[in-house]
Number of protein chains: 4
Amino acid sequence: MELLEKYKTVRERSETICSPLKTEDYVVQPVVDVSPPKWHLGHTTWFFETFILQPNVTGYTEFDPQYNFVFNSYYESVGSRVIRTDRGNLSRPSVEEIMQYRRHVDHAMEKWLSKPIPPALEPLLILGLNHEEQHQELLYTDIKYILGHNPLMPPYDRNRATIASNGHPQEWIDMPAGIYDIGYQGNGFCFDNELGRHQVSLGHYAISSTPVSNADFLEFINAGGYTDFRYWHAEGWDWVKTREIKAPLYWYYIDGQWQQYGWQGLQPIKPEDPVCHVSYYEAAAYAAWKGFRLPTEFEWEAAADKFHWGQRWEWTESAYLPYPGFKKAPGAIGEYNGKFMVNQMVLRGASEVTPPDHSRKTYRNFFHPPLRWQFTGIRLAKS
Amino acid sequence: MELLEKYKTVRERSETICSPLKTEDYVVQPVVDVSPPKWHLGHTTWFFETFILQPNVTGYTEFDPQYNFVFNSYYESVGSRVIRTDRGNLSRPSVEEIMQYRRHVDHAMEKWLSKPIPPALEPLLILGLNHEEQHQELLYTDIKYILGHNPLMPPYDRNRATIASNGHPQEWIDMPAGIYDIGYQGNGFCFDNELGRHQVSLGHYAISSTPVSNADFLEFINAGGYTDFRYWHAEGWDWVKTREIKAPLYWYYIDGQWQQYGWQGLQPIKPEDPVCHVSYYEAAAYAAWKGFRLPTEFEWEAAADKFHWGQRWEWTESAYLPYPGFKKAPGAIGEYNGKFMVNQMVLRGASEVTPPDHSRKTYRNFFHPPLRWQFTGIRLAKS
Amino acid sequence: MELLEKYKTVRERSETICSPLKTEDYVVQPVVDVSPPKWHLGHTTWFFETFILQPNVTGYTEFDPQYNFVFNSYYESVGSRVIRTDRGNLSRPSVEEIMQYRRHVDHAMEKWLSKPIPPALEPLLILGLNHEEQHQELLYTDIKYILGHNPLMPPYDRNRATIASNGHPQEWIDMPAGIYDIGYQGNGFCFDNELGRHQVSLGHYAISSTPVSNADFLEFINAGGYTDFRYWHAEGWDWVKTREIKAPLYWYYIDGQWQQYGWQGLQPIKPEDPVCHVSYYEAAAYAAWKGFRLPTEFEWEAAADKFHWGQRWEWTESAYLPYPGFKKAPGAIGEYNGKFMVNQMVLRGASEVTPPDHSRKTYRNFFHPPLRWQFTGIRLAKS
Amino acid sequence: MELLEKYKTVRERSETICSPLKTEDYVVQPVVDVSPPKWHLGHTTWFFETFILQPNVTGYTEFDPQYNFVFNSYYESVGSRVIRTDRGNLSRPSVEEIMQYRRHVDHAMEKWLSKPIPPALEPLLILGLNHEEQHQELLYTDIKYILGHNPLMPPYDRNRATIASNGHPQEWIDMPAGIYDIGYQGNGFCFDNELGRHQVSLGHYAISSTPVSNADFLEFINAGGYTDFRYWHAEGWDWVKTREIKAPLYWYYIDGQWQQYGWQGLQPIKPEDPVCHVSYYEAAAYAAWKGFRLPTEFEWEAAADKFHWGQRWEWTESAYLPYPGFKKAPGAIGEYNGKFMVNQMVLRGASEVTPPDHSRKTYRNFFHPPLRWQFTGIRLAKS
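Residues numbered from 1 in each chain as written. Chains lettered and ligands numbered in written order. Predicted model: local features only at pLDDT ≥ 70, side-chain atom pairs only at ≥ 80, totals over all residues. Heavy atoms only, no water.

An unreviewed UniProt entry lists chain A under the name Ergothioneine biosynthesis protein EgtB, with Chitinophaga dinghuensis as the source organism. According to the UniProt record, the Pathway (unreviewed entry) comment for chain A is "Amino-acid biosynthesis; ergothioneine biosynthesis." (UniProt positions renumbered as here; feature names shortened; annotations may be inferred.)

What follows is the structure in structure tokens.
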């Protein structure tokens with residue numbers, strides 16, 4: 001019964017996130033990294049239909065055979081898929097049809113969950129719920145992008161405040177050299193990329209107790225940080241020049257004042273808030289300008305119990321690679337994480353839009369270095 | 001009063017065309033040439049607000065000052081405009097807000113038209129109505145593209161038949177050499193590009209009484225017309241190879257049968273219907289393969305009283321260039337046609353989705369050679 | 001014997017044009033429109049080998065069977081060809097090998113021409129010579145581009161003066177309305193696109209006796225012509241903004257002075273010289289700014305005996321289209337001109353680098369509207 | 001004196017590598033990753049002129065002030081530079097002029113080296129020589145690309161054999177879990193990216209004593225390895241499909257036989273030779289198909305004394321990241337390595353074209369995952 005409640009809670013939360021939207025907002029895809037909200041709602045449903053209901057629940061009737069084609073994302077082993085850049089051209093299925101699809105699958109799932117399920121399927125169910133939680137975070141980030149790139153800059157929710165700083169002063173947390181255990185251990189859920197707990201040898205280092213604030217980052221901007229190649233990776237510098245980057249995403253300099261687009265629309269920047277929506281290149285350049293560096297993911301994890309985290313995903317200096325002994329699961333589920341282990345950087349922590357209880361200190365998020373539409377921030381380290 | 005009735009009729013027709021759509025269908029822009037239906041509805045309204053109500057009607061209150069930015073299309077003299085490729089990313093203004101915009105402008109226009117209007121403004125009003133009629137044709141072509149490129153291939157209207165052939169046999173209409181008058185003459189409305197009536201000297205020629213049919217075009221396909229460079233312009237041949245073109249747009253070869261997407265969804269091809277959705281390159285290649293050629297726009301116009309036309313826009317062998325004495329009107333209206341007079345080909349006639357009474361034998365339509373989403377067909381000529 | 005002398009003269013002239021080059025200059029292709037000089041030398045030779053020697057001269061031994069692949073340009077019917085963008089990557093065959101190729105083919109051709117040749121082959125020979133003359137003009141334009149886009153801006157020949165104005169004052173030549181004969185007539189050589197002499201009805205017009213000068217064009221620049229959309233075609237305006245065009249090609253504003261790259265390297269602009277290296281967009285915008293227009297190719301030809309021409313190719317307002325009755329020749333030779341008859345504009349006249357006696361008043365040159373690396377200028381007309 | 005001899009040896013070797021080239025081969029740049037040989041010859045010379053002669057040698061006369069612009073590569077702090085994609089368009093300076101440049105700089109350098117040099121400058125000199133050695137390897141790889149992508153496929157040297165297998169049988173070298181020291185230690189030269197010797201904790205693993213052979217890799221091809229997404233990273237799979245990759249670079253399937261382009265031209269593949277010219281994606285996919293994995297760079301270094309290496313650069317599963325305590329040197333030299341530490345993978349070992357004594361077991365080479373024009377191969381590992 002607990003699984004049933006958990007299922008209902010997670011599923012309902014996805015729709016709650018979308019509740020302030022107009023129908024039109026569910027449809028568009030302004031850049032390739034963003035997916036239309038209705039696609040997220042369909043895709044997470046497709047996961048339960050494809051991997052749980054169809055293979056395991058006798059008598060289940062597929063909602064629409066064509067939906068596999070529309071809502072598959074990357075699962076090469078489960079048939080053709082709509083290429084990602086085309087998602088924003090799909091006016092059908094309509095939002096209403098997708099909601100019917102959700103009702104159809106939820107009905108079958110809830111019926112199935114009302115009785116004890118085979119223990120072997122529980123991990124798959126939990127994976128499906130965590131998968132939907134990941135898409136809940138993407139729903140927030142993609143909705144912010146869609147509304148924030150509309151020339152009318154409509155608010156998402158006039159009553160939703162942006163995240164506030166916790167007010168703690170910045171300190172350096174000293175960490176001794178030593179051998180640290182890294183990776184997930186325990187009985188709860190974790191993703192496959194967290195497994196393979198292993199020892200990592202770290203030298204003596206210190207890590208900041210607080211993330212970099214807007215005020216901190218403004219100093220970098222005002223000091224000409226975006227115009228001095230010395231702080232940048234070569235490809236970061238190309239990115240800055242080619243795309244004419246001058247500030248974090250959603251920042252606008254209007255009438256002599258820095259403003260940012262947020263849940264309430266355009267608002268003046270709050271200096272004390274942690275800086276958000278920066279790329280890995282910007283995070284690394286800021287650290288270099290300041291004379292420090294980003295922590296590795298191992299340094300971050302080893303020290304994570306000693307500082308507050310959770311408002312921003314924090315870029316680390318670690319590339320996303322398999323832990324020792326990493327093994328792909330067989331079949332389509334095996335495509336989950338391993339195939340992305342090249343050319344991405346690890347982020348640790350959680351953001352203001354990460355679902356409650358979804359993250360943990362061993363959680364490995366990952367994105368390509370130039371991306372900024374996630375709620376990404378900066379924590380400094382030094383040796 | 002006649003103008004008021006005309007205004008109401010035209011404005012209502014735009015909304016009728018959209019009536020089978022779902023809200024989501026109004027939003028998307030699958031390729032750069034297609035505009036979202038809601039953009040057409042807003043843009044045509046913006047025309048009346050910007051060029052008639054704001055400069056001429058005392059006391060008119062602009063609906064929303066930001067709409068100028070969103071709904072301007074190409075009018076460089078009327079402020080910044082949303083670049084064309086971004087239109088499909090605009091979830092706001094919503095369809096409902098655009099309908100309110102239409103109500104707001106219609107209310108003011110109808111009030112203004114309920115009394116005699118200054119004679120000097122009548123041409124501008126008529127231009128606005130013809131402008132909306134042009135966008136009505138684009139609404140049809142863009143809606144067909146949006147639905148026809150959705151993997152679900154939803155019908156637009158299951159009861160709407162595709163156009164049928166008129167059943168007349170093909171004949172060659174013989175036209176003597178001579179001097180012919182070309183261009184509009186009369187008191188009715190015409191576009192600026194039809195003016196400058198002038199004499200054109202034509203040699204002896206013949207023009208077909210009927211357009212090329214699906215059956216005719218299938219012969220070209222089956223004879224390998226798409227794989228033999230000899231029939232193609234050099235850039236047409238590049239287009240065929242690069243884009244792997246093998247048939248007209250919306251044609252699909254499924255289970256040994258040619259089908260096409262139309263108003264009722266996917267349907268078998270009717271051999272006797274006039275071929276549709278071909279590019280200039282395909283039209284010219286077909287003519288070359290057949291040993292004939294396309295008519296010039298002058299040959300077409302000189303003979304237009306002698307054959308039926310109106311189901312398909314017909315590609316001519318004429319580039320879109322100014323007639324002798326062509327003058328741009330001053331101001332933004334002057335941007336209407338002249339600035340497109342390079343690198344496009346003239347089409348003559350009208351299509352099944354051209355509004356009633358909108359076309360005439362001097363009407364000059366124009367598109368770039370590779371485009372196929374209009375209802376374009378082929379008529380042959382020979383010397 | 002006359003043909004033999006003509007052959008020798010033409011062939012030698014190609015090599016003379018290249019004589020100031022270093023070996024490295026023969027190799028590069030800085031943009032797709034430019035071909036490496038060594039490619040021109042090989043391609044013109046390949047023409048004689050492929051179309052004359054191989055099919056017609058018994059005992060001729062092909063120089064190298066792989067050269068067909070390397071030196072074919074657009075002739076789809078004569079086997080695969082190196083795609084145009086790859087030409088600049090071909091370090092082999094070397095310049096020396098290509099010169100040996102020329103010697104080999106010249107030896108066979110000269111032997112063949114030392115006796116009377118079959119009359120049926122004479123047109124093909126003449127075509128080959130005119131073809132090489134066309135490439136001689138391209139050799140000049142491409143060499144200028146290669147050297148003029150090198151950061152060292154080396155001169156081609158320090159002793160070669162740029163073309164000077166003839167000093168005649170500007171006058172309007174009045175041309176009465178009437179029927180004019182257009183197209184080539186006579187016994188000399190002409191290209192297939194000039195044939196089909198036919199009557200064109202022209203209204204009353206006037207055409208300038210002189211081309212637009214650098215001083216004239218500077219007025220346009222100084223008056224903000226490049227920053228006012230009203231004078232430009234829509235796609236011309238996009239071109240200006242996207243490519244940040246601010247002056248003709250090869251013009252540089254250095255230390256408060258306009259200079260241009262020419263045969264002698266960088267030199268101050270001579271105000272009285274005819275403006276050169278402008279695109280069709282710039283020519284049309286200049287004319288629009290001045291309140292005039294470009295002549296059609298028919299107006300140009302009808303008046304050509306009344307003014308001096310030949311320093312610059314002159315953009316006309318005519319698209320490159322077939323004359324009435326135009327027929328492609330059968331076989332590969334038929335690919336010569338017809339397949340380019342879309343999306344290009346006609347230029348009339350000749351330039352300072354057109355071979356002597358190569359042009360005539362019926363000659364139809366053609367290029368795409370944005371291209372500027374040819375020696376292109378402007379002559380105005382008015383109605 | 002020893003430094004003088006070393007200088008002469010290194011400098012002479014660069015020119016020896018180029019000696020089989022024709023002048024034209026020095027000029028071209030078929031893809032952005034390849035530089036023209038003459039650019040390498042100029043750039044390595046510019047390094048000595050800019051960083052040693054100009055700041056440190058009184059009375060030295062710069063060869064040509066414009067060369068800084070032409071031969072700077074990535075050093076943002078030393079003035080503007082020719083963007084990389086333009087290098088192949090530079091016919092000037094000519095090869096002869098660059099050879100004069102080399103003579104000029106060598107003359108000054110040799111004079112300077114004939115007396116004792118300030119000890120503080122010795123590291124910079126040694127860096128310059130190692131820099132030139134790196135470009136010697138690039139000269140080989142770029143020359144192979146230039147000749148191997150010419151349709152005539154000319155040999156580089158008909159007498160130069162491709163590398164042969166050493167004939168040792170494949171074995172698994174067992175490595176115990178433990179703490180290993182990683183990074184350079186000693187008094188010799190190393191690059192900054194090897195410094196920061198530190199401890200790495202490794203689990204128990206085994207590494208192959210031999211690289212993967214052509215015969216091994218053919219099994220992967222024949223088993224459909226290139227057509228089964230399960231073995232590939234997501235972006236590797238996109239790369240395979242988009243670029244239609246079916247075999248290593250330079251492999252051609254001709255008349256039922258696999259051949260490869262090598263120093264002697266096109267030759268049948270030798271099954272026992274180590275496979276070469278594979279991307280990281282291919283290396284990782286091969287390992288996955290085989291049920292193994294690539295070693296990390298730490299596993300490689302820890303075991304390097306136990307196997308033969310040096311014929312192929314070996315892809316590791318490690319991203320190119322700074323070692324703990326990595327510090328950029330100040331000034332332009334500081335740009336050497338650090339700014340490339342994102343989105344590249346580490347390769348260890350050396351190749352058949354690495355200069356003698358240039359590599360060592362701590363050497364960290366790095367390239368982007370899809371690149372194949374280096375002499376890259378595969379060594380397997382397992383846990």
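Next comes the rest of the account.
Student: Hey, could you run me through the UniProt feature "domain: Sulfatase-modifying factor enzyme-like" (unreviewed entry) in chain A in this one?
Tutor: The UniProt entry lists residues 170-304 of chain A under the feature "domain: Sulfatase-modifying factor enzyme-like" (unreviewed entry), expressed in the numbering used here. The span residues 170-304 of chain A carries 27% helix and 24% strand; its end-to-end C-alpha distance comes to 15 Å. (Helix = DSSP H or I, 4+ residues; strand = E, 2+ residues; numbered from the N terminus.)

Student: Looking at this structure, how should I read the pairing of strand β5 (residues 251-254) of chain B?
Tutor: Residues and elements named next belong to chain B. Two strands pair when backbone bridges link them, and β5 and strand β6 (residues 257-262) are joined in this way by four bridges, in the antiparallel orientation. Bridging across to β6, I254 finds its partner in Q257. In this antiparallel pair of consecutive strands, β5 and β6, the connection spans two residues, and D255 shows a positive phi of 50°. (Pairing = 2+ DSSP bridges.)

Student: Would you mind showing me how to read the relation of the copies chain B and chain A here?
Tutor: Between the two copies of this chain, the relationship is a rotation about some axis together with a displacement along it. Take chain B, turn it by 180°, move it 0.0 Å along the axis, and it overlays chain A with an RMSD of 0.0 Å. Taken together, these values place the two copies in the relation of a two-fold axis. For chain B, the minimum C-alpha distance to the rotation axis belongs to E24 of chain B and amounts to 3.0 Å. Here 100% of the interface residues in chain B have copies in chain A that are interface residues too; the copies meet face to matching face. (Least-squares fit on C-alpha atoms with pLDDT ≥ 70 in both. Contact = heavy atoms within 4.5 Å.)

Student: Can you walk me through the pattern of salt bridges in this structure?
Tutor: Pairs can form between side chains of opposite charge once their charged atoms are near each other. One pass over the full model with this rule turns up 72 salt bridges over all chains. Note that R103 of chain A and E15 of chain A form a salt bridge whose closest N and O atoms lie 2.6 Å from each other. Taken together, the residues R103 of chain A in helix α4 (residues 95-113) and E15 of chain A in helix α1 (residues 2-18) connect sequence positions 88 residues apart. We classify R103 of chain A as partly exposed; its relative accessible area is 42%. Salt-bridge contacts for R348 of chain B lead to E297 of chain B; the nearest nitrogen and oxygen are separated by 2.8 Å. Placement of the pair is R348 of chain B in strand β9 (residues 345-349) and E297 of chain B in helix α9 (residues 297-303), with a sequence separation of 51 residues. Overall, the relative accessible area of 0% leaves R348 of chain B in the buried class. (Salt bridge = Lys/Arg side-chain N within 4 Å of Asp/Glu carboxyl O. Buried < 20%, exposed > 50% of the residue type's maximum accessible area, 1.4 Å probe, protein only.)

Student: How should I be thinking about the interface of chain D and chain A in this particular structure?
Tutor: How big an interface is tends to be reported as the loss of accessible area on association of its parts. Between chain D and chain A, the contact holds 35 residues from the first and 35 residues from the second. Summed over the shared surface of chain D and chain A, the result is zero salt bridges. In this structure, the connection of chain D to chain A is made through eight residue pairs in polar contact (both at pLDDT 80 or more). Of all elements in the fold, only β3 (198-202), α7 (234-242), α8 (280-290) and β8 (313-319) of chain D reach the threshold of two or more residues within the side of chain D that touches chain A. If one sorts the elements of the side of chain D that touches chain A by residue count, α7 of chain D sits on top with four residues. Class assignment for the residues of the side of chain D that touches chain A results in 16 nonpolar, 11 polar and eight charged. (Polar contact = N/O pair within 3.5 Å; in protein donor to acceptor, adjacent residues only side chain to side chain. Nonpolar A, V, L, I, M, F, W, Y, C, P; charged D, E, K, R; others polar.)

Student: Honestly, the side chain of Q374 of chain D in this entry has me stumped. Any pointers?
Tutor: Residues and elements named next belong to chain D. With respect to the element layout, Q374 can be found in the loop between β10 (365-367) and β11 (376-377). Exposure remark for Q374: the relative accessible area of 3% places this residue in the buried category. Residues in contact with Q374, not counting those within four places in the same chain, are E137, L138, T141, H277 and F367.

Student: Looking at this structure, how should I read the arrangement of the chains?
Tutor: There is no contact between chain A and chain C; across them, the least C-alpha separation is 14 Å. These two, chain B and chain D, are apart from each other, with no contact and a minimum C-alpha gap of 14 Å.

Student: Sorry if this is basic, but what is going on with unusual backbone geometry here?
Tutor: For residues that are not glycine, phi is negative in most cases, and the peptide bond is trans in most cases. With an omega of -5°, the peptide bond between R92 of chain A and P93 of chain A qualifies as cis. Relative to the assigned elements, P93 of chain A resides in the loop between α3 (67-71) and α4. In the Ramachandran plot, N343 of chain C falls in the positive-phi region, its phi being about 65° despite a non-glycine side chain. The residue N343 of chain C is located in the loop between β8 (313-319) and β9 (345-349) in this model. With phi around 65°, D357 of chain D is a residue other than glycine that occupies positive phi space. The exposed category is assigned to D357 of chain D, whose relative accessible area is 78%.

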